[in-house]
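Okay, here's what each chain looks like letter by letter:
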Amino acid sequence: MIRDLVRTRIEEALQRLAREGLAAAASFPSPEVSDTRQPEHGDYASNVALLNAKAAGMPPRILAERIAEALAEAPEFEAVEVAGPGFLNFRLKPESVASFVAEALRRGDGLPRSRHEEPQRINVEFVSVNPNGPITVGSGRGAAFGSALCNVLEAAGHTVHREYYINDGVNSEQMRLFAESVRSLALGEPLPDKGYKGDYVQAVADRISEMLSRPLAEAIDGLRTALAGEIDPWERRTLERRLATLLRVEERRAASADAAGCIRELSTEDLKLLCETLMIERQRSDLADFGVRFDTWFSEQSLHDAGEVERCLQRLIDAGIADTEPYQTVLKLGKNGEVLESQRVEQATGDDEDDGAPQGEAVQPTLWLRSTRFGDDKDRVLRRRDGRLTYIASDLAYHLDKFNRPSQADRLVTVLGPDHHGYIGRLTAVVAALLRKPDGEDADREALEEARRRLQVVIFQIVRFVKEGKPAPMRKRDGNIYALIDLIEELGRTMAPEESPERQKEVGKDLARFFYLMRSHDTHMDFDIDLATRRSDENPVFYVQYAHARVCSVLRKAEEAGFHAPLQPEPSELALLAHPKELALVKKIADLPHEVRRCAEDFGVHRLTTYAVELARLYHAFYDTCRVIQPEEPALTRARLSLCAAAALGLRRALGLLGVSAPERM
RNA sequence: GCGCCUGUAGCUCAACGGAUAGAGCAACGGCCUUCUAAGCCGUUGGUUGCGGGUUCGAAUCCCGCCGGGCGCGCCA
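Reference entry: report on the structure contained in this document. (Residues numbered from 1 in each chain as written. Chains lettered and ligands numbered in written order. Predicted model: local features only at pLDDT ≥ 70, side-chain atom pairs only at ≥ 80, totals over all residues. Heavy atoms only, no water.)

How two helices pack is summed up by the angle between their axes together with the distance between the axes. Running from amino to carboxyl end, helix 9 (residues 217-228) crosses helix 10 (residues 233-255) at an angle of 155°, the nearest separation of the two axes being 10 Å. It follows from the interaxial angle that helix 9 and helix 10 lie roughly antiparallel. Classified by chirality, the crossing of helix 10 by helix 9 is left-handed. Along the contact surface, helix 9 presents Ala219, Ile220, Leu223, Arg224, Ala226 and Leu227, while helix 10 presents Arg236, Leu239, Glu240, Arg242, Leu243, Leu246, Leu247 and Glu250. Across the contact of helix 9 with helix 10, the residue classes break down as nine nonpolar, no polar and five charged. (Axes fitted to C-alpha atoms, helices over the stretch in contact; angles between N-to-C directions. Helix = DSSP H or I, 4+ residues; strand = E, 2+ residues; numbered from the N terminus. Parallel < 35°, antiparallel > 145°, perpendicular 65-115°, else oblique. Left-handed = near helix turned anticlockwise from the far one by under 90°. Contact = heavy atoms within 4.5 Å. Nonpolar A, V, L, I, M, F, W, Y, C, P; charged D, E, K, R; others polar.)

Across the 11 residues of helix 24 (residues 592-602), eight count as buried, placing the element largely inside the fold. Among the residues making up helix 24, those that are buried are Leu592, Pro593, His594, Glu595, Val596, Arg597, Cys599 and Ala600. Lining the buried residues of helix 24 we find helix 1 (2-19), helix 5 (100-107), helix 6 (137-155), helix 23 (580-590), helix 25 (607-625) and helix 26 (634-658). After helix 24 finishes, the residue Phe603 shows a positive phi value of roughly 60°. (Buried < 20%, exposed > 50% of the residue type's maximum accessible area, 1.4 Å probe, protein only.)

So, about empty space enclosed by the protein. Scanning the entire structure with this criterion turns up three cavities of 30 Å³ or more. One number sums up the size of the largest cavity: a volume of about 70 Å³. What lines the largest cavity is simply Ile166, Asp168, Thr238, Arg241, Arg242, Leu273, Glu276, Thr277, Ile280 and Ser299. Put simply, the parts of the chain that give the lining of the largest cavity at least two residues each are helix 10 and helix 12 (268-289). The greatest single-element share of the lining of the largest cavity, amounting to four residues, is contributed by helix 12. Residue composition of the lining of the largest cavity, by class: three nonpolar, three polar and four charged. Here the second largest cavity is characterised by a volume of approximately 60 Å³. As for the second largest cavity, its lining consists of Arg141, Phe145, Tyr516, Leu517, Arg519, Ser520, His521, Phe603, Gly604, Val605 and His606. Elements with a contribution of two residues or more to the lining of the second largest cavity: helix 6 and helix 19 (501-517). For the lining of the second largest cavity, the class distribution of residues is five nonpolar, four polar and two charged. (1 Å grid on protein atoms, 1.4 Å probe; cavity = no way out; pocket = protein on both sides within 12 Å on 5 of 7 lines; lining within 4 Å. Points joined across faces, edges and corners; volume = space filled by probe spheres on them.)

Structure below.
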């Protein structure tokens, strides 16, 4: 807000210079307004003269002085100085700074919002783990990052759609194995080879046994009711499939002597769907406890059911992007994606390769996606020799669907874990293949560029959990995994042993989210559980939350003393805020929209945690120096109360974007 | 072998290409008869892994080394 004011004044000054004959000034890029490190450099600085000296054809200091002269009439500045090699240093009048308290209060909950020049519809896909286990602490980082990113993009003026992709394709061997493992556990029989084990698998088995011990009427009615309502086509397909399965299961159940008998006779397909449904339910519940919600839980299988995948493949075959010629192109790519070496690998025709495909069942030739035409380093298989489709085939249909929905996305953001960076190339190629226009000299290259503009794959790096100074294992030997919900509950129990389980979960959620978000998503981070559970100076979450609780306490005390924080404070009273600690606090509060805009641009959501800590520090410092409630100074008291209200707002909204609660008492 | 990420204070990390590289913790010293001391104030701490280059200016961009993490299936 204040920064925008300074920028506007500079732009006005440049316009003036342009009119006065310095033509180049009209085409300077929008000037940057940065913080100053030393107080003697004023409140803000700009390097506009340094950057544009060449274009203006004069030394930076001379240009800076010209701009400073043109700025002389701006009413908000106490001084505009030229310093160093050509910086412009701005010193604002205290009352100009203080007046932004009123602006912040006027914005209210919309404080972080910044007007975006080109608001977009952005589809953000994140978490998207397989439905064969709970959300782990590893995926927790993606969940925290993705959800905070969505909040930030929204605050920056975009329309955001939060999406979870369920890998429930019927061809998935993993899911079949998962279903068979559950069957064994439910029946008390030995697990299949390499079967899933662990408490959560047993929990699914127990739930299914329990479910099948009585009629499924309730679940079936529930699905019918949902289907009677207005729902998206993809969701309708998913629910219809689930209903058909439940009806088959119910028939089998009614004919069986007991739950065990029923489970023994269920087809793998039907059992798999029951397992998935339960697992997804648990994921959804765990994520909700983590403060993460999705607009869409998209089922991969629903694409197959509707024939979308086959349609998509046919389209690519017709366009000549996919074919069954028996070769694979393999490229060696340079740093900037240029092709260093191209190799055509003829496909072996024999069945001597041990690739897991059923021997002697090669009923059709391999279908290739010629993804090397779109920057990928090798062509990818769409349909295997045994006729089964690969997940890339589903990915094609899925991305096409994302673009084609009624809510059409301008941009797709996909957040993936550290073991997925190999996907960037092929996903980009997939999108390029879809976006390719049928004609044009350079259709492939243009499609690739378009894909790079419209699909952004964000990889977050690995997170290591440290306890008692040692890395904590993410997977225990007995097959149990470190679930996100376990972390939340462990943190909550340790920090708030006397509280209710719900409250404990919220405490754990706040701690976990803040810690995940403190580090840039592309650095490897250590999550120090001991530090997170320390209730002391070392814990930044409490530091920030305490600042908020403290403000609220002051506001309550003021009410008791008969003072109300004015929502529309008088400029003359705000002008009483002239103490450096007061002004520093105002500047930081007013900076939230700028911070949000930056985070939305480069996805550096972690900077918001730094911002929150800095804002809290400035409030604590202000609180310590400037007594708020002073009955003998009613005007100053009102001004400071307005500042307190604005500080509470800034803290609450910054924490809100991070998905962390702002308690009014601690 | 190739690719992605990364290397900043004792530790964990910040720093739109900007001025003297900053916080927190740890260590040391102060501050509660007044609004929440889960707080504040101060001191100490650096060859930004190494070497080149680009420019008015580099922790940041480019090249080359060195170290760490992860990934490179007709698995998902």
